[in-house]
Amino acid sequence: MFERKTYKKQALASLKSQWLDSCLLSTIFLAISGLAGCISIFGGIIISTAIWGILSVALNSVFMKYCSNPESQKISFPSFLDSIGTHWLPSILGALWFLLWTFLWSLLFFIPGVVKGYSYSMMFFVLAENPKIGIEKSMNISKILTSGHKADLFSLHLSFFGWWLLCLFTSGVGFIALLPYFKMTNLNAYYDLKKMAFNERKLSPADFA
């Protein structure tokens, strides 16, 4: 069962001792993403998407490493750089593949594009977990994970609307603290969707190898 309130509580508990380093990575992420957004405005949508893909998968990877072993792993800038080094190529390919398919579905109408965006959204966690898994396979796994749960994911993201709105009144500074909370919450959702897929025998651990 999809439990968005539980995912959010777990996220806050996980970040309790890691807020400073999480906010540091968030600042870097947002600053570079902002620059990538400027590139997009001047016609560099492919470049900006590739940059976003690298940053997003790397941040997912850092949080995953921490969650897998919080005693020895920490959320840190060196870990972020290491994740960029090991994930940059599949991150770029994954982001561009995601952009292509969401764009093609959006040609039909806006809503199909949004629905497919949610369908493909977990592929960035799959790639963070195993960058060698392959782009098409990560997308197919994401479609299985989100099957029957796209509305749940939309509801989860909608529950952050008040926080996003509040951050706007801080001239964007609030996003520095909100991004780790949002990312960690989505990671918890990913882990639970994965567990449900295993229990329902839609997927097995071998599919993620």
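Provided above is the structure to which this section pertains.
Please read all numbers here as calculations on a predicted model, not as lab measurements.

Okay, the nonpolar core next. Membership of the largest hydrophobic core comes to 50 residues, with the highest contact counts inside it found for Ile 75, Met 123, Leu 145, Met 184 and Tyr 190. When sequence neighbours within four positions are dropped, the list of residues in contact with Leu 145 reads Met 122, Val 126, Tyr 190, Leu 193, Lys 194, Ala 197 and Leu 203.

Turning our attention to the side chain of His 149. Relative to the helices and strands, His 149 resides in the loop between α7 (135-146) and α8 (150-158). At 3.0 Å, the side chain of His 149 and the side chain of Asp 152 are in polar contact. Not counting chain neighbours up to four residues away, the residues in contact with His 149 comprise Phe 2, Leu 193 and Met 196.

Looking now at the packing of aromatic side chains. Two aromatic rings, taken as a pair, are described by how far apart their centres are and by the angle between their planes. Going through the model one piece at a time under the given rule, you end up with 13 aromatic pairs. With a centroid separation of 5.3 Å and an interplanar angle of 65°, the aromatic rings of Phe 98 and Phe 124 are classed as edge-to-face. With Phe 98 in helix α4 (residues 77-106) and Phe 124 in helix α6 (residues 123-129), this residue pair connects regions lying 26 residues apart in the sequence. Just as Phe 98 is buried, Phe 124 falls in that class too. Geometrically, the ring pair formed by Phe 160 and Tyr 181 is edge-to-face, given 5.1 Å between the ring centres and 65° between the ring planes. Here Tyr 181 lies in helix α10 (residues 175-199) and Phe 160 lies in the loop between α8 and α9 (161-168), a separation of 21 residues in the sequence. Side by side, Phe 160 and Tyr 181 carry an identical accessibility label, which is buried.

Attention shifts here to the environment of Pro 78. Within the element layout of this structure, Pro 78 appears in helix α4. Taking the C-alpha atoms as reference points, Pro 78 and Leu 156, 78 residues apart in sequence, are found 30 Å from one another.

Negative phi characterises most residues that are not glycine, and trans characterises most peptide bonds. Here the phi dihedral of Ser 171 falls at roughly 60°; this positive angle occurs in a residue that is not glycine. Its place among the elements puts Ser 171 in the loop between α9 and α10. A positive phi angle, close to 60°, is found at Arg 201, a residue other than glycine. Within the secondary structure, Arg 201 is located in the segment after α10. The exposed category is assigned to Arg 201, whose relative accessible area is 78%.

The rules behind the values
Residues numbered from 1 in each chain as written. Predicted model: local features only at pLDDT ≥ 70, side-chain atom pairs only at ≥ 80, totals over all residues. Heavy atoms only, no water. Core = buried A, V, L, I, M, F, W, Y, C linked by side-chain atoms within 4.5 Å. Buried < 20%, exposed > 50% of the residue type's maximum accessible area, 1.4 Å probe, protein only. Contact = heavy atoms within 4.5 Å. Helix = DSSP H or I, 4+ residues; strand = E, 2+ residues; numbered from the N terminus. Polar contact = N/O pair within 3.5 Å; in protein donor to acceptor, adjacent residues only side chain to side chain. Phe/Tyr/Trp six-rings, centres within 6.5 Å; stacked < 30°, edge-to-face > 60°.

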